[in-house]
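Structural characterization, general
Below are the chains, spelled out letter by letter.
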Amino acid sequence: MTIEVKARHPALGAEVRGIDMRLPLDAETLEAVNDAWMKHLVLVFPDQRITDREHVAFTRNFGDAEVFHQTSLHLRSERVAEIFLVSNVDEEGRLMRPSEPSQKQLSSSRQWHTDSSYRAVPSMGSLLHGIEISRTGGITQFINMYMVYDDLPQSLRSAVEGRKARHDFGMLHRIVGSTAPTAAERAAMPPVWHPMVRRHPVTGRRSLYISSIYNDAVEGLDDRTASQLIADLTAFAAQPKYMYRHEWEPDDVLMWDNRCTVHAVTPHDPTERRVMHRTTIVGREPVMAG
Ligand SMILES: [Fe+2]
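A brief structural summary. (Residues numbered from 1 in each chain as written. Predicted model: local features only at pLDDT ≥ 70, side-chain atom pairs only at ≥ 80, totals over all residues. Heavy atoms only, no water.)

**Some words on the coordination of the iron ion**
Around the iron ion, the protein contributes the donor atoms His113 (NE2), Asp115 (OD) and His263 (NE2), which lie 2.2 Å from the metal centre. Owing to a relative accessible area of 3%, His113 belongs among the buried residues under this scheme. (Donors = N, O, S within 2.8 Å, 3.2 Å for Na, K, Ca; no water. Buried < 20%, exposed > 50% of the residue type's maximum accessible area, 1.4 Å probe, protein only.)

Here's what the structure looks like:
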């Protein structure tokens, strides 16, 4: 296969044509996709009419697929364990209300974050398949955190260099008022500390690594100063010059790098169905940029 790559924004995001995710990738095409991914950070693959099993199989070209640890809210598919449901429709086709616990928890994705940063080994990337898409909102926005790091004002830069932030899955329910994880779910995912400036294992570039929905502490800072720092960094990052905003078409598949980007979705009319399936690629332990 020959692929065609076209940038969608100067900071990040590119469209990739010439891939059929239902078919195996040859080594040369895989390398071309990987090169485009490292260069553009977010890839958009239009018109991919894939099943969940094909989605998982394509994901495995890049690494193992994570299985979401929390089962109490049914955000993990009962049909294919590697599929995480980013949907307001359950697997029986029922539209869910925003007040339901799973929907409250998903609403946290309107705030800037990077997926699975609460794991000791956070994910490398995610692949999101738009099955039923929203036209009233539901725009997924991405930020290039290499550029953000490069442009950080001195005060923010010196606050993050050599420092670690804590990431806690248990913070989610505190910020959106959803059901607390069960004791077993908490035990499976204890809080972890990750460097705030990490070095990308492939590109060697430094990026700011924060995840505002999970960061509940910063090394050496009291709670108020820590949350103010995360808020200041997030506000600095969320500038249009660092941001690609993806307006979905049915059967778009987006693949993003969780090591050097953050993302947030815009709200949409809750009576409109939105069905998206995500896989998450297992990464490696983050390395502090020296
Ligand atoms: Fe996310």
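That covers the picture; the talk isn't over yet.
**Comments concerning the sheet that holds strand β11 (residues 215-218)**
Across a sheet, paired strands are connected by hydrogen bonds in the backbone, their directions being either parallel or antiparallel. Read from one edge of the open sheet, three strands run β8-β7-β11, paired in antiparallel fashion. Each edge of the open sheet carries a strand with a single partner, namely β8 (192-195) and β11. Geometrically, the sheet is characterised by an average inter-axis angle of 35 degrees between neighbouring strands, direction not taken into account. (Pairing = 2+ DSSP bridges. Helix = DSSP H or I, 4+ residues; strand = E, 2+ residues; numbered from the N terminus. Axes fitted to C-alpha atoms, helices over the stretch in contact; angles between N-to-C directions.)

**Some words on the environment of Met147**
Looking at the element boundaries, Met147 is found in helix α4 (residues 145-151). Classification of Met147 as partly exposed rests on a relative accessible area of 26%. C-alpha of Met147 to C-alpha of Leu12: the two residues are 135 residues apart in sequence and 9.8 Å apart in space. For Met147, the residues in contact, after removing those within four places along its chain, are Ala11, Lys241 and Tyr242. (Contact = heavy atoms within 4.5 Å.)

**Remarks on the packing of aromatic side chains**
In the structure shown here, the tally under the stated rule is nine aromatic pairs. On the basis of an interplanar angle of 70 degrees and a centroid distance of 4.9 Å, the ring pair of Tyr118 and Tyr214 is categorised as edge-to-face. Placement of the pair is Tyr118 in the loop between α3 (101-106) and β5 (123-132) and Tyr214 in the loop between β10 (206-208) and β11, with a sequence separation of 96 residues. Joined through ring pairs, the aromatic side chains of Phe68, Phe84, Tyr118, Phe169 and Tyr214 make up one cluster. The aromatic ring of Tyr149 is capped on one face by Arg157, whose charged end is 4.7 Å from the ring centroid. One Lys or Arg, Arg205, reaches over the ring of Tyr146 and ends 4.2 Å from the middle of that ring. (Phe/Tyr/Trp six-rings, centres within 6.5 Å; stacked < 30°, edge-to-face > 60°. Lys NZ or Arg CZ within 6 Å of the ring centre and 35° of its normal.)

**Side note on the side chain of Asn144**
By the secondary structure assignment, Asn144 is in strand β6 (residues 140-144). Of the polar contacts made by the side chain of Asn144, one reaches the backbone nitrogen of Tyr146; its length is 2.9 Å. (Polar contact = N/O pair within 3.5 Å; in protein donor to acceptor, adjacent residues only side chain to side chain.)

**So, the pattern of salt bridges**
A full pass over the atoms with the stated rule returns 17 salt bridges. Note that Arg17 is salt-bridged to Glu15, the shortest N-O span being 2.9 Å. Connected through shared salt-bridge partners, Arg8, Glu15, Arg17 and Asp47 make up one network. (Salt bridge = Lys/Arg side-chain N within 4 Å of Asp/Glu carboxyl O.)

**Regarding the nonpolar core**
Of all hydrophobic cores here, the largest spans 27 residues; its most connected members are Leu12, Phe142, Phe169 and Leu254. Contributions of two or more residues to this core are made by β3 (42-45) and β13 (253-257). What Leu12 contacts, discounting residues up to four positions off in sequence, is His40, Leu41, Val42, Phe142, Ile143, Asn144, Tyr242, Met243, Tyr244 and Thr261. Counting residues in each nonpolar core, the second largest holds 26 residues, with Met145, Val197, Met243 and Ala264 among its members. (Core = buried A, V, L, I, M, F, W, Y, C linked by side-chain atoms within 4.5 Å.)

**Description of helix α2 (residues 52-59)**
Buried within α2 we find Asp52, His55, Val56, Phe58 and Thr59. Relative to the axis of α2, the buried residues are bounded by an arc of 160 degrees and lie together on one face. On its buried face, α2 is in contact with β5, β13 and β15 (275-282). (Arc of directions from axis to C-beta.)

**Observations regarding the sheet that holds strand β14 (residues 261-265)**
Judged by pairing direction, the sheet is antiparallel, and its three strands sit side by side in the order β12-β6-β14 without closing on themselves. Only two strands of the sheet have a single neighbouring strand rather than two, namely β12 (243-246) and β14. Geometrically, the sheet is characterised by an average inter-axis angle of 20 degrees between neighbouring strands, direction not taken into account. In the sheet, β6 pairs with β12 via four bridges, with the strands oriented antiparallel. In the sheet register, Ile143 faces β12, and the bridge partner there is Met243.

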